[in-house]
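# Notes for the structure review
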Amino acid sequence: KKSVVIAGGGSTYTAGIVMMLINNQDKFPLKSLKFYDNDFERQKVVADACEIIIRERAPEIEFVATTDPEVAFKDVDFVMAHIRQGGLKMREMDEKIPMKYDVVGQETCGPGGIAYGMRSITGVVELIDYMEEYSPNAWMLNYSNPASIVAEATRVMRPNAKIINICDMPVAIKQGMADIVGLKSGNDIVDRYYGLNHYGWWTEILDKDGNDLMPKLKEHVKEYGYGPDTSGNDNPLLMEQSWMDTFTKAKDIYAVDPDTLPNTYLKYYLYPDYVVKHTDPNHTRANEVMENREKNVFTECRNITSKGTAEDTTLEAGEHAEFIVQLAGALSYNTHERMLLIVENNGAIANIENDAMVEVPCIVSKRGYEPLAMGKIPTFQKGMIEQQVSVEKLVVQAYMEKSYQKLWKALTLSATVPSAGVAKLILDDLQEANKEYWPEL
Ligand code: G6P
């Protein structure tokens with residue numbers, strides 16, 4: 001049996017992970033589950049409810065919520081990290097400041113992602129240090145965004161750390177693909193994919209028997225993106241208008257390169273003008289999340305606590321948590337599953353620099369992960385990837401060297417930003433807003 005600490009206990013996603021862990025007690029049995037957060041009050045709301053859920057559904061799991069790193073990180077096998085440095089309030093800044101200059105405002109892409117990266121590095125590195133001090137044999141499975149920048153920072157700053165950076169977006173898109181071709185789950189798909197986090201392309205999609213699903217998928221994506229055709233689709237993500245827009249916009253990304261199928265996040269780099277035009281600068285995704293998911297989850301948690309039972313709770317196992325549980329299972333029980341992870345390139349993409357952090361399929365076992373070789377990629381993707389890798393490397397260099405100049409270069413190089421002048425205006429505003437969080441440049 002394993003022991004897990006969830007770092008970012010007060011996240012709106014934590015309860016979904018807990019439910020997913022409970023549902024997987026046969027495949028990934030737990031001895032203990034701990035929550036860790038630096039915000040006691042916020043974590044308490046989620047923890048009090050989860051304690052009741054665990055007592056009712058899996059009483060054999062020992063549970064503790066703490067703000068003490070020693071208690072949290074001692075004797076664990078896995079750290080599941082999904083922290084949000086600065087909370088949703090700072091996400092709102094990441095999204096709204098670039099929008100003032102008609103530039104994409106997004107939590108992981110463009111200037112907003114860069115600003116968030118400069119905050120996240122500190123938090124994630126701190127978690128690694130706690131893990132190495134109190135549970136040196138543990139693995140950190142890191143979901144904290146912006147995953148690409150965080151991955152590059154940990155590669156450079158903590159090169160020997162047992163950390164695996166992951167993202168659920170390709171998983172969510174694969175679920176969308178499964179729905180389109182009539183398979184039950186994204187796990188029924190065997191894929192070849194290359195790129196960076198939130199920045200990649202599929203070149204092959206097979207079912208488990210080796211049948212090529214690409215032609216059917218392309219036919220659909222050409223018309224509807226990953227959105228449903230007129231017969232509908234019950235993917236829970238698509239119940240939300242903003243995700244529906246993202247999934248259908250894949251149609252236009254696909255049109256640019258019909259040889260591959262795209263990650264939906266490419267819309268921010270290939271269609272920034274569209275994104276800006278379709279975003280309300282005064283009401284961004286952070287506001288939607290605060291008004292909906294955060295409110296719902298926290299209200300439901302308080303309900304559970306006041307009733308003293310979670311029997312009829314509306315909280316559900318989070319789809320996005322499936323992947324993290326599956327990954328922990330593969331590392332623990334040597335399943336040799338094939339999963340998309342963010343890893344050091346080292347030739348996996350033949351014509352991209354070795355020390356880029358790329359997202360490619362890997363085989364996961366007790367030994368860790370082994371990336372699969374995706375070969376040489378075409379000029380278009382190579383150009384885009386090299387540009388974005390440079391942005392991410394410059395951010396990490398700027399962080400380490402406390403260099404304003406390098407951060408300005410990073411923003412300037414982002415495909416979402418039109419000029420060095422606009423980059424500077426945005427940077428100055430972001431720096432002011434992030435005074436408490438960034439190293440002093
Ligand atoms: C997907 C991405 C994550 C991102 C999340 C944002 O799951 O893979 O990287 O954090 O979307 O979702 P939200 O509902 O908070 O906008």
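Data block above holds the structure.
Below you will find a few notes about this structure. (Residues numbered from 1 in each chain as written. Predicted model: local features only at pLDDT ≥ 70, side-chain atom pairs only at ≥ 80, totals over all residues. Heavy atoms only, no water.)

What follows is about the overall build of the protein chain. A tally of helices and strands in the protein chain yields 16 helices and 12 strands. By principal-axis analysis of the C-alpha atoms, the protein chain measures approximately 55 × 55 × 40 Å. Evaluated residue by residue, the protein chain yields a buried proportion of 58% over its 441 residues. Relative to all contacts within the protein chain whose residues are 6 or more apart in sequence, the contacts with residues 24 or more apart total 70%. Total accessible area on the protein chain stands at roughly 18,000 Å², and carbon and sulfur atoms take up 48% of it. (Helix = DSSP H or I, 4+ residues; strand = E, 2+ residues; numbered from the N terminus. Buried < 20%, exposed > 50% of the residue type's maximum accessible area, 1.4 Å probe, protein only. Contact = heavy atoms within 4.5 Å. Areas by Shrake-Rupley, 256 points an atom, 1.4 Å probe, with all protein chains shown as cover.)

Within the fold, Asp207 resides in strand E8 (residues 199-207). At a separation of 2.9 Å, a polar atom in the side chain of Asp207 contacts the main-chain amide nitrogen of Asp209. When neighbours within four sequence positions are excluded, Asp207 is seen to be in contact with Leu183, Asp188, Val190 and Leu213. (Polar contact = N/O pair within 3.5 Å; in protein donor to acceptor, adjacent residues only side chain to side chain.)

What follows covers the site of the ligand. Around the ligand, a shell composed of 13 residues is seen, among which Arg91, Asn145, Asp168, Arg285 and Arg293 lie nearest. Take Tyr13: an N or O atom from its side chain is 3.4 Å from an oxygen atom of the ligand. Here His198 contributes a side-chain N or O atom positioned 3.2 Å from an oxygen atom of the ligand. Calculation on the ligand without its partners gives an accessible area of 390 Å², and the protein chains cover 90% of this total. (Near = heavy atom within 4 Å.)

Here the focus is the packing of aromatic side chains. The full count for this structure, using the stated rule, is 13 aromatic pairs. The interplanar angle of 75° and the centroid separation of 6.2 Å between the aromatic rings of Tyr36 and Tyr130 together place this pair among those described as edge-to-face. Of this pair, Tyr36 sits in strand E2 (residues 30-36) while Tyr130 sits in helix H5 (residues 110-134), and the two are 94 residues apart along the sequence. In this structure, Tyr36 and Tyr130 share a single accessibility class: buried. Pairwise contacts between aromatic rings join Tyr226, Trp243, Phe247, Tyr265 and Tyr268 into one cluster. Above the ring of Tyr271, the side-chain terminus of Lys249 is found at 4.4 Å from the ring centroid. (Phe/Tyr/Trp six-rings, centres within 6.5 Å; stacked < 30°, edge-to-face > 60°. Lys NZ or Arg CZ within 6 Å of the ring centre and 35° of its normal.)

Counted at 1.5 Å a residue, the expected span for helix H7 (residues 169-181) with its 13 residues is 18 Å, and the 19 Å between its end C-alpha atoms agrees. In terms of burial, H7 is a largely internal element, 11 of the 13 residues being buried. Buried within H7 are the following residues: Met169, Pro170, Ala172, Ile173, Lys174, Gln175, Gly176, Met177, Ala178, Ile180 and Val181. (Expected span 1.5 Å × (residues − 1).)

Taken in spatial order, the three strands of this open sheet run E7-E8-E9, and their pairing is antiparallel. Only two strands of the sheet have a single neighbouring strand rather than two, namely strand E7 (189-196) and strand E9 (261-262). (Pairing = 2+ DSSP bridges.)

The subject of this paragraph is the environment of Ile97. Looking at the element boundaries, Ile97 is found in helix H4 (residues 87-99). Residue classification places Ile97 among the buried residues on the basis of a relative accessible area of 8%. Separated by 74 residues in sequence, Ile97 and Asn23 place their C-alpha atoms 41 Å apart. Once residues within four sequence positions are removed from consideration, Ile97 is found in contact with Ile426, Asp429, Leu430 and Ala433.

Counted by the stated rule, this structure contains 26 salt bridges. With a closest N to O distance of 2.7 Å, Glu92 and Lys96 form a salt bridge. Taken together, the positions of Glu92 and Lys96, both in helix H4 and four residues apart, correspond to about one turn of that helix. A relative accessible area of 19% places Lys96 in the buried class. One connected set of salt bridges, linked through shared partners, spans Glu152, Arg155, Glu344, Asp355 and Lys393. (Salt bridge = Lys/Arg side-chain N within 4 Å of Asp/Glu carboxyl O.)

Right, let's get into the nonpolar core. In this structure, Leu33, Tyr226, Leu261 and Leu341 are the most contacted members of the largest nonpolar core, which totals 104 residues. If near-sequence neighbours (up to four positions away) are discounted, Leu261 is found in contact with Met177, Gly200, Trp201, Trp202, Ile205, Met214, Leu217, Lys218, Val221, Tyr226 and Tyr254. With 27 residues, the next largest nonpolar core counts Leu394, Ile426, Leu430 and Trp438 among its residues. (Core = buried A, V, L, I, M, F, W, Y, C linked by side-chain atoms within 4.5 Å.)

Bringing the pairing of E7 into the picture now. With respect to burial, E7 is a largely interior element, six of its eight residues being buried. The pairing of E7 with E8 spans eight bridges and is classified as antiparallel. Residue pairing for E8: Val190 is matched across the bridge by Leu206.

A few words on the packing of H4 against helix H16 (residues 420-433). At a closest axis distance of 10 Å, the pairing of H4 and H16 adopts a crossing angle of 160°. Considering their axes alone, H4 and H16 lie roughly antiparallel with respect to each other. The crossing of H4 and H16 is right-handed. Contacts between H4 and H16 involve Met90, Met93, Ile97 and Pro98 on the former and, on the latter, Ile426, Asp429, Leu430 and Ala433. When its residues are assigned to classes, the contact of H4 with H16 shows seven nonpolar, no polar and one charged. (Axes fitted to C-alpha atoms, helices over the stretch in contact; angles between N-to-C directions. Parallel < 35°, antiparallel > 145°, perpendicular 65-115°, else oblique. Left-handed = near helix turned anticlockwise from the far one by under 90°. Nonpolar A, V, L, I, M, F, W, Y, C, P; charged D, E, K, R; others polar.)

Across the nine residues that make up E8, a large majority, seven, are buried. Hairpin connection, E7 to E8: the antiparallel pair is bridged by two residues, and His198 has positive phi, about 55°. In this structure, E8 lies alongside E9, joined through two bridges in antiparallel fashion. Following the sheet pairing, Trp202 is matched in E9 by Leu261.

As a further point, take unusual backbone geometry. Cis peptide bonds are those with omega within 30 degrees of zero, and the linkage from Asn145 to Pro146 qualifies with -10°. Mapping Pro146 onto the fold places it in the loop between strand E5 (139-142) and helix H6 (147-157). The phi torsion at Asp75 lies on the positive side, around 55°, for a residue other than glycine. Phi at Asn346 takes a positive value of approximately 45°, unusual for a residue other than glycine.

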